[in-house]
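Chains, contacts and geometry: an overview
Given next are the chains, with one letter for each unit.
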Amino acid sequence: MSEKSDLPILIVKNLKVKLENKEIISNLSFELKKGEILTILGPNGAGKTTLLKSLLSLIPFEGEIIWQKGLKIGYIPQRLPFIKDVPMSVEDFFKLKNSSKEKIEKIIEEIGLNKDFLNKKIGNLSSGQFQRILIAWALIDDPDVLLFDEPTSGIDISGEETIYSLLEKINKERKLTIILITHDLSVVFKFSDYVICLNKNVICQGEPKEVLTSQNLEKLYDKEIKIYQHHKH
Amino acid sequence: MDFQFLYILITGILIGGVAGYLGTLTISKRMALSIDPLGHLALPGVALGLLYGLDISLCAFLFIILGMILIWYFEIKTKLPTETLTAIVFTLGVAITFLFFPLDHDELEQAFIGDISKVNFSDVLFTLFLSLLLFFIVKKIYQKIILINISEDLAKIEKINIKKYNFLYLLSIAIIVALGTKIVGGLLSAALVAIPAATSRNLSKNLSQFSFLSVLFGILSALIGIFLFKITGIQAGPLIILSSVFFFFISLFKLN
């Protein structure tokens, strides 16, 4: 079976996103093929989460976003601050998706936790464990594409490393296409086939080794300093 | 055992239990305080019912729905937060009650804190029907509302019709607050929804415990309140709420 097809499963053309009359993303175009890992790199406030949300049609946008027909998409949000308002076990959380017990147990093992976690209260999990549960929650319906929004803080270094190797494992075993938001350069080099450097405009895009030149990175993060200075007033 | 007391018990248990169940959704929506205004909105309805001998829950329900429509209309017209608009509308409820519905002292007391001794057989049937209806609605929307409350984004991706489920939830709240006016009055009926769920949240590890304990505390508070009323002759409304708060205090010492 030839798994990698050269036809793109996602085409984005001239994407423009405005929130409250402020342009967050302007003129972004790219394509994504099955099985690829795409990272979106950029400083805080660059529009990374906004990009993911527009890909999911959660917010209005201009331009074109064309997914291959019949594609299932899983989404892992940056955080779910309200989940602790309700006393809920890990199993309860999966049951919100009407998943069967067997499926839940299987997926829990796949992401490297054991069955005992099903009875744990969500609020008592460590940030790394919770991140894994979110990944499992997205995976349980066997999606074709996974959209992962990296938490900006709260996951310890060792936890973070294993999360990415977990994502890489899932990518290989499930032939899953992954779009991954990160602000961590090493993640881009280690795990991705393609990178988009975003700071409202696209600063660069292509294979990480080719496009992440020191010149481009300076351009990408230089703006961040200006933005912060601007916001301080 | 006299039938009147049996009617009171059945009505109290039904309303207390269903209010507790629904309350777990309210807590997950972080909306416990916003039900209070609905009780105030119910006041002119209760007053109208008392003056003209109509069913007070039915009249209360109509006024709550009117108030909700008004808040919804204001929301479209201004950018003020819902909380501010709710404050405007619910004080309007109290003002209207005093201006247009001249009640004597006893009637006012009944409007504010309820008078469960007035419950009759048709009230029992009416309450039974609505409680069962509410129970099934809440059961049906439960999982979806929880997911919406955790994250509207995830709910949208799961293709959940958020507006439809929120509407069913609000309708349920309007019905339970209106029903509650019969046993604890307009000022206290929001507490039937909020307190048992808060108690249960302190004690629960998972969702089924959360709703089960909340129903249980709702029923127990109603039972204790009604028996104390039978013994002391003090109005049942405040006694039910006090029992409910008593359980809440105890739950503080066994926080989960």
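Think of each chain on its own: its residues are numbered from 1, step by step along the sequence as written. Here the convention is simple: chains get letters from A, ligands get numbers from 1, in the order in which they are written. Reporting in this predicted model follows two pLDDT cut-offs: at least 70 for local features of residues, and 80 or more for side-chain atom pairs to be given and counted; totals over whole chains, interfaces and linings ignore these cut-offs and use all residues.

**Overview of the overall build of chain A**
- A run of DSSP states H or I qualifies as a helix once it reaches four residues; a run of E qualifies as a strand once it reaches two. Both are numbered from the N-terminal end. Of the regular secondary structure elements, chain A holds eight helices and nine strands.
- Residue burial in chain A is summarised as follows: out of 233 residues, 35% are buried.
- Partitioning the contacts of chain A with sequence separation of at least 6, the portion at a separation of at least 24 is 71%. Each residue is classified by how many other C-beta atoms fall within 10 Å of its C-beta atom, where C-beta atoms are placed from the backbone; a count of 20 or more means buried, 12 or fewer means exposed, and values in between mean partly exposed. In this description, any two residues whose backbone-derived C-beta atoms lie within 7 Å of each other are considered to be in contact.

**Section: the overall build of chain B**
- On a plain count of helices and strands, chain B comes out with 10 helices and zero strands.
- Moving toward the C terminus, one meets the helices and strands of chain B in the order α-α-α-α-α-α-α-α-α-α.
- Atoms counted for the radius of gyration: C-alpha only. Globule rule: 2.2 Å times residue count to the power 0.38. Here chain B has a C-alpha radius of gyration of 18 Å; the compact-globule value for 256 residues is 18 Å, and the two agree.
- Look at the contacts in chain B between residues 6 or more apart in sequence, and 75% of them connect residues 24 or more apart.

**Focus: the nonpolar core**
- Core analysis: the largest hydrophobic core is formed by 137 residues, its most contacted members being B:Leu22, B:Ala42, B:Ile64, B:Ile176 and B:Val177.
- With 20 residues, the single largest contributor to this core is helix α8 (residues 162-203) of chain B.
- The split into domains, and so the bounds of each, comes from an automatic or database assignment of domains. The two domains that each donate at least three residues to this core are domain 1 (8-71 + 144-232) and domain 2 (82-142) of chain A.
- In contact with B:Ala42, other than residues within four places in its own chain, are B:Ala60, B:Phe63, B:Ile64, B:Val177, B:Ala178, B:Thr181, B:Gly186 and B:Ser189. A set of buried residues drawn from Ala, Val, Leu, Ile, Met, Phe, Trp, Tyr and Cys, joined through C-beta atoms within 7 Å, is what defines a nonpolar core.

**Re the sheet that holds strand β2 (residues 22-33) of chain A**
All names here are of chain A.
- Taken in spatial order, the three strands line up as β2-β1-β4 in an open sheet, and their pairing is antiparallel. Two strands bound the open sheet, and with one partner strand each, they are β2 and β4 (62-67). Mean inter-strand twist for the sheet, computed between neighbouring axes without regard to direction, equals 15°.
- Relative to β2, strand β1 (residues 8-19) runs antiparallel, the two being bridged by eight bridges. Note on pairing: DSSP must find at least two bridges between two strands before they are called paired. Helix axes are fitted only over the stretch in contact, all axes being lines through C-alpha atoms; the angle between N-to-C directions runs from 0 to 180 degrees.

**So, the sheet that holds strand β6 (residues 145-149) of chain A**
Residues and elements named next belong to chain A.
- With respect to topology, six strands assemble into an open sheet ordered β5-β6-β7-β3-β8-β9, the strand pairing being mixed. Each edge of the sheet is formed by a strand with only one pairing partner; in this case those strands are β5 (73-76) and β9 (201-206). Direction aside, the axes of adjacent strands within the sheet are offset by 15° on average.
- Judged from the four bridges that link them, strand β3 (residues 37-41) and strand β8 (residues 194-199) form a sheet pairing that is parallel.

**Thoughts on the pairing of β3(A)**
- Most of β3(A) sits out of view: five of its five residues are buried.
- Taking every second residue as pointing to the same face, both faces of β3(A) are buried, with A:Ile37, A:Thr39 and A:Leu41 on one and A:Leu38 and A:Ile40 on the other.

**Quick look at the environment of A:Lys53**
Residue and element names in this part refer to chain A.
- With respect to the element layout, Lys 53 can be found in helix α1 (residues 48-55).
- Along the sequence, Lys 53 and Asp 149 sit 96 residues apart, while their C-alpha atoms lie 9.9 Å from each other.
- Setting aside chain neighbours within four positions, we find Lys 53 in contact with Leu 58 and Ile 59.

**A look at helix α4 (residues 127-139) of chain A**
- Spanning 13 residues, α4(A) covers 18 Å between terminal C-alpha atoms, matching the ideal 18 Å at 1.5 Å per step.
- Looking only at α4(A), the buried set comprises A:Phe130, A:Gln131, A:Arg132, A:Ile133, A:Leu134, A:Ile135, A:Ala136, A:Trp137 and A:Ala138. The span expected for a helix works out to 1.5 Å for each residue beyond the first.

**Concerning the interface of chain B and chain A**
- Each partner contributes to the interface: chain B provides 22 residues, whereas chain A provides 16 residues.
- Looking at the side of chain B that touches chain A, the elements that each hand over two or more residues are α1 (3-28), α6 (121-150), α7 (152-157) and α9 (207-232) of chain B.
- Asp, Glu, Lys and Arg are counted as charged, while Ala, Val, Leu, Ile, Met, Phe, Trp, Tyr, Cys and Pro are counted as nonpolar; the rest, among them Gly, fall into the polar class. Its residues assigned to classes, the side of chain B that touches chain A comprises eight nonpolar, eight polar and six charged.

**Regarding the domain arrangement of chain A**
- Taken as a whole, chain A is organised into domain 1 (8-71 + 144-232) and domain 2 (82-142).
- Domain 1 of chain A and domain 2 of chain A are separated by 26 Å when their C-alpha centres are compared.

**Topic: the packing of helix α2 (residues 36-52) of chain B against α8(B)**
Residue and element names in this part refer to chain B.
- It is at 9 Å that the axes of α2 and α8 come closest, and there the two elements cross at 80°. When the interaxial angle is binned, α2 and α8 end up roughly perpendicular. Listed contacts from α8 to Asp 36, Leu 38, Gly 39, His 40, Ala 42, Leu 43 and Val 46 of α2 are Ile 173, Ala 174, Val 177, Ala 178, Thr 181, Gly 186, Leu 187, Ser 189 and Ala 190.
- Each residue belonging to the contact of α2 with α8 can be placed in one class, and the counts come to 10 nonpolar, five polar and one charged. Oblique is the label for any angle not covered by the other classes, which are roughly parallel (under 35 degrees), roughly antiparallel (over 145) and roughly perpendicular (65 to 115).

**What to know about the packing of α9(B) against helix α10 (residues 236-252) of chain B**
Residue and element names in this part refer to chain B.
- Direction vectors running N to C along α9 and α10 enclose 135°, while the axes themselves pass 8 Å from each other. In this view, α9 runs oblique relative to α10, as classed from their interaxial angle. Viewed along their axes, α9 and α10 form a crossing whose handedness is right-handed. Across the interface between the two elements, Phe 217, Leu 220, Ser 221, Ala 222, Ile 224, Gly 225, Ile 226, Leu 228 and Phe 229 from α9 touch Ala 236, Leu 239, Ile 240, Ser 243, Ser 244 and Phe 247 from α10.
- Its residues placed into classes, the contact of α9 with α10 shows 11 nonpolar, four polar and no charged. By the definition used in this description, the sense in which the near helix is turned from the far one sets the handedness, with an anticlockwise turn below a right angle giving left-handed and a clockwise turn giving right-handed.

**With respect to the environment of A:Ile108**
All names here are of chain A.
- Secondary-structure assignment places Ile 108 in helix α3 (residues 101-110).
- According to the C-beta neighbour criterion, Ile 108 is buried, with 22 such atoms within 10 Å.
- In this structure the C-alpha to C-alpha distance between Ile 108 and Ser 165, which are 57 residues apart in sequence, comes to 16 Å.
- Setting aside anything within four residues of it in sequence, one finds Ile 108 in contact with Leu 113, Lys 115, Phe 117, Leu 118 and Ala 136.

**Things to note about the confidence of the model for chain A**
All names here are of chain A.
- Scored between 0 and 100, pLDDT is the confidence that the predictor attaches to each residue. In the predicted model, chain A carries a mean pLDDT of 85, and 89% of its residues have values of at least 70.
- The spread of mean pLDDT over the elements of chain A runs between helix α8 (residues 214-232), the lowest at 64, and helix α2 (residues 90-95), the highest at 96.
- Ignoring residues within four places in sequence, the model shows residues 223-233, a span with pLDDT below 50, making three contacts including any to other chains.

**Concerning unusual backbone geometry**
Residue and element names in this part refer to chain A.
- Despite not being glycine, Ser 57 has its phi angle at roughly 60°, a positive value.
- Inspection of the secondary structure puts Ser 57 in the loop between α1 and β4.
- In the Ramachandran plot, Asp 142 falls in the positive-phi region, its phi being about 50° despite a non-glycine side chain.
- Looking at where Asp 142 falls in the secondary structure, it is placed in the loop between α4 and β6.

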